[in-house]
Amino acid sequence: MIILGIETSCDETAICLLEHQEPNKYRVIEHIISSQIDLHRKYGGVFPALAKREHAKNIVPMLEALIFSPRLSHPEIAKKISRVKFSVDQTAKDSALEHLRAKEPDLLQHIEASILTTEKISIDRIAVTTGPGLEPALWVGVNFAKALAKLWDIPLVAVNHMEGHVLGSLVINDNPGPDFHTLRSLPEKSVALLISGGHTELVGVSHGEDDNNYSYKILGATRDDALGEAYDKIARMLNLPYPGGPNLSRLAKEYRDIAGNESSPVSIPEFPRPMIHTNDLDFSFAGLKTAVLYYLRTAKNISPYEPKKMRHDTFDVGDDVKKIIAYAFETAVTEVLIAKTKKAIDAAGAEALIVGGGVIANDYIRSELARLAESNNIPILLPTKTVSGDNALMIALAGAFTKDASDYNEILAQGNAKIDK
Ligand code: KG4
Ligand code: ZN
C-alpha cells in the first residue's frame, strides 16, 4: 500500500510518500520537511497563528514538489506509482473544497491555483495527524487532507501524533529511494518514553497475535511543562537563542566534558528532582524553572521576593554560569527520566524500551536511557535523526497500520488528543 502522510501539528510542515508491504517491509519514496523555526525564533516559541499561516502557505507547493519529484520516475518506483490527469466537474470540485471556503481561505486560494486539482498520484490512502498539537496548525493539515481525499477520491485515515512517534522508532533507514527495508519488530509488551516540546509521557505499548495491531495506554505524563519546554524556557532565561534545548544541552556537555578533569571555580547548584520518589509515573518540570530563576536572581543580587515575571526574566550572566546551570539542570531532569522510566518498565513487564520526540536528539539523555535498557537487559529502540523530530514518515507508517479508513465527517483536529486505544 502507498500512503501519503501529512503532518502540521506544530512548527514543521511535513509530507511523505511511503510504501508499506505487509507485514514489515517499507520504502520511503519521498519525504519533505519544511521547518518554521527561523520564523518563530523572534517570538521565543511557536506562535500558533503564524504556524497556521505558514502551513497553509507551504503545504500546496510542497505536495506539488512531491508529485513532480524525480524520485517518482525511478523505474522501480514508477512501476507502482504514477501521476495521472483527472477531471472533476465544477460542482464536484466545489463540494470537495467547500469546507475550505469558511475555514481555510488562504489554503483554498493556493489549492484552487494548483496543479493538484487536475493531476494526482495513484496512492492508496492519505494519513493525516489529527492531534495532539496546536489546534489551529492541526486544522490546516486536516482540512487540506480532507479536500485532497475528496478531490482525488482516496480514503483518509486519522493518525495520533504520539502513535507516530512510537512507530517512528521502527524505521531503521529513512533515506528516500527504491530499496525496501525491514521494520524493527516489537515484543508483545514495550514502554515508550515520548519527550518533546509539547509532550512528556510514558506509554505502555502492546500487541497480540497481529504484529501491526498495537494498543496504547498512557502510564504517566507531565503535570505541567513538557521536557523540551522546560529546556526552552531555561535557555531563554539564559538568553540563549530559540529553540533553547539544543543550545542548553551543548553547554551542559561542555561542562560535563571538563567536569571530570578540573575543579570548577563556581559550586554546582543542586536543583530539585521533582516527583522522583512518587509512586506514580507522572512528571513535573515547572518547579525546576523556578529553582533556576531563584538561583539566577541570587547570583545577580536580585531579591527573591520580587514579583515573578517569568516570561520576561532573562539574565545577563557569563558562560561559566550558563554552563553549570545547564549541567545541573540536565543532570536533574535526566535522573528523573531514568527513575520514572525504570519504574514504568518494571511495572509493565516491558521487554523493550522505545524512545521518541525531539528531545531525544540529546546525546546525554540518549546514552543514559541506553544504559538503563542495558541494565534491564532489554533493547532500546531509538529513532533515526530525521524521525526524532516531527515528520510525516511516522504519520504515513501509523496510517499504514490503521485498519480501516476513518469516517470522513468524524475526522477532526483535536489539540489534546490522547494516544490510548
Ligand atoms: O518533537 P519536537 O521536534 O517538536 C515537538 O515539540 O513536537 O521537539 C522539539 C523540542 C524543543 O523543545 C527542543 O528544544 C527540544 O525538542 N530539543 C532538545 C534537543 N534538541 C531538541 N532538547 C534537549 N536537548 C537537545 N539536544
Ligand atoms: Zn512531536
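The coordinates are above.
These numbers were taken from a predicted model, which means no experiment stands behind them.

A. Representation of the pairing of strand 12 (residues 353-356) in the model. Of the two faces of strand 12, the one carrying Leu353 and Val355 and the one carrying Ile354 and Gly356 are both buried. As paired strands, strand 9 (residues 189-195) and strand 12 are joined by 4 bridges and run parallel to one another. Note that in strand 12 the partner of Leu194 across the bridge is Gly356. Note that strand 12 and strand 13 (residues 380-381) share 2 bridges and pair parallel. Across the sheet, residue Leu353 finds its bridge partner in strand 13, namely Ile380. Taking the sense of rotation as the criterion, the β-α-β connection linking strand 12, helix 12 (residues 363-375) and strand 13 turns out right-handed.

B. Structural context of the site of ligand 1. The full set close to ligand 1 counts 17 residues, and Gly197, Asp232, Gly358, Asn362 and Asp390 are the nearest of them. Gly198 has a polar backbone atom sitting 3.3 Å from an oxygen atom of ligand 1. A distance of 3.2 Å separates an oxygen atom of ligand 1 from a polar backbone atom of Gly245. If ligand 1 stood free it would expose 550 Å²; the protein chains cover 87% of that surface.

C. Local environment of the coordination of the zinc ion (ligand 2). Looking at the zinc ion (ligand 2), one finds its protein donor set to be His161 (NE2), His165 (NE2) and Asp390 (OD), positioned 2.1 to 2.2 Å from the metal centre. Each donor residue of the zinc ion (ligand 2) lies on one chain, and together they are spaced H-x3-H-x224-D. Residue His161 and its partner His165 are located together in helix 7 (residues 161-168), separated by 4 residues, close to a single helical turn. The pair His161 / His165 is uniform in exposure class, with both members buried.

D. Representation of the packing of helix 8 (residues 227-237) against helix 10 (residues 286-299) within the structure. The interhelical angle for the contact between helix 8 and helix 10, taken along N-to-C directions, is 15 degrees, at an axis separation of 10 Å. Looking at the two axes, helix 8 sits roughly parallel to helix 10. In this structure, helix 8 crosses over helix 10, and the sense of that crossing is right-handed. Where helix 8 approaches helix 10, its residues Lys233, Ile234 and Met237 are matched on the opposing element by Leu288, Lys289, Val292, Leu293 and Leu296. Per-class residue counts for the contact of helix 8 with helix 10 are 6 nonpolar, no polar and 2 charged.

Reading the values: rules and limits
- Residues numbered from 1 in each chain as written.
- Chains lettered and ligands numbered in written order.
- Predicted model: local features only at pLDDT ≥ 70, side-chain atom pairs only at ≥ 80, totals over all residues.
- Heavy atoms only, no water.
- Buried < 20%, exposed > 50% of the residue type's maximum accessible area, 1.4 Å probe, protein only.
- Helix = DSSP H or I, 4+ residues; strand = E, 2+ residues; numbered from the N terminus.
- Pairing = 2+ DSSP bridges.
- Right-handed = clockwise from strand over helix to strand, strands pointing away.
- Near = heavy atom within 4 Å.
- Polar contact = N/O pair within 3.5 Å; in protein donor to acceptor, adjacent residues only side chain to side chain.
- Areas by Shrake-Rupley, 256 points an atom, 1.4 Å probe, with all protein chains shown as cover.
- Donors = N, O, S within 2.8 Å, 3.2 Å for Na, K, Ca; no water.
- Axes fitted to C-alpha atoms, helices over the stretch in contact; angles between N-to-C directions.
- Parallel < 35°, antiparallel > 145°, perpendicular 65-115°, else oblique.
- Left-handed = near helix turned anticlockwise from the far one by under 90°.
- Contact = heavy atoms within 4.5 Å.
- Nonpolar A, V, L, I, M, F, W, Y, C, P; charged D, E, K, R; others polar.

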